[in-house]
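Topology and contacts: notes
Here is what each chain is made of, one letter per residue.
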Amino acid sequence: MREQRRAFDIQVIRPYFGAVMVRIRGALDADSALQLRSAVSTWAHRRFPVLVLDLSEVDFLDAAGLAALGGIQARTVKENTTLRIITGDNRVVRRALADSGLDHALNVSRLPSGWERAQEIPGQG
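1. Describing the confidence of the model for the chain
Caution applies to low-pLDDT parts of the model: their predicted coordinates are not meant to be read in detail. Considering every residue of the chain, the mean pLDDT works out to 84; 82% of them sit at 70 or more. Within the model, pLDDT remains below 50 along residues 118-125, and this stretch shows 22 contacts once partners closer than five positions in the same chain are excluded.

2. Quick word on the environment of arginine 110
Tracing the sequence through the fold places arginine 110 in the segment after strand 5 (107-109). Take arginine 110: its relative accessible area is 42%, and that puts it in the partly exposed class. Placed 55 residues apart in sequence, arginine 110 and leucine 55 show a C-alpha to C-alpha distance of 9.6 Å. Not counting residues up to four positions away in its chain, the partners in contact with arginine 110 are Ile86, Thr87, Gly88, Asp89 and Arg94. Separated by 3.1 Å, the side chains of arginine 110 and aspartate 89 make a polar contact.

3. What to know about the pattern of salt bridges
For the coordinates displayed, the defined rule picks out five salt bridges. For aspartate 9, the salt bridge is made with arginine 25, and the minimal N-O distance between the two is 3.4 Å. A residue pair is termed long-range when its members are at least 10 positions apart, and aspartate 9 in strand 1 (residues 9-16) and arginine 25 in strand 2 (residues 19-28) qualify at 16 residues. Of the charged contacts in the structure, one is a salt bridge between glutamate 57 and arginine 25, with a shortest N-O distance of 3.0 Å. In this pair, glutamate 57 is assigned in strand 3 (residues 50-61) and arginine 25 in strand 2, connecting sequence segments 32 residues apart. Judged by its relative accessible area of 26%, glutamate 57 falls in the partly exposed class. Salt bridges linked by common partners bring Asp9, Arg25 and Glu57 together as one network.

Conventions adopted
Residues numbered from 1 in each chain as written. Predicted model: local features only at pLDDT ≥ 70, side-chain atom pairs only at ≥ 80, totals over all residues. Heavy atoms only, no water. pLDDT = per-residue confidence, 0-100. Contact = heavy atoms within 4.5 Å. Helix = DSSP H or I, 4+ residues; strand = E, 2+ residues; numbered from the N terminus. Buried < 20%, exposed > 50% of the residue type's maximum accessible area, 1.4 Å probe, protein only. Polar contact = N/O pair within 3.5 Å; in protein donor to acceptor, adjacent residues only side chain to side chain. Salt bridge = Lys/Arg side-chain N within 4 Å of Asp/Glu carboxyl O.

Pasting the structure below:
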């Protein structure tokens, strides 16, 4: 039987030291990949030098979600932005990234650094 998934949610974390952090919860799949791209696009025009995607609370990641991450990576390279992927100890995400080979293409780490632990922006998400 399939495990119950959390509702998809995106929160944008207050820009801090030139970074913006996007925290994703729930399933990152065909239904939610467009929402992730939209959230990233909303902040992309502000030209932050670092974009952090926190996937530590993603409970499902399929090919559409991986494609969205690959597209975001391509955009950040084009715009000279650094993309960091935070996974925590999330085995679902780490396995999907490893199986797809994206773990080598993306800047993946388990934990955010101190400057990425900022307050959430009220009303964003």
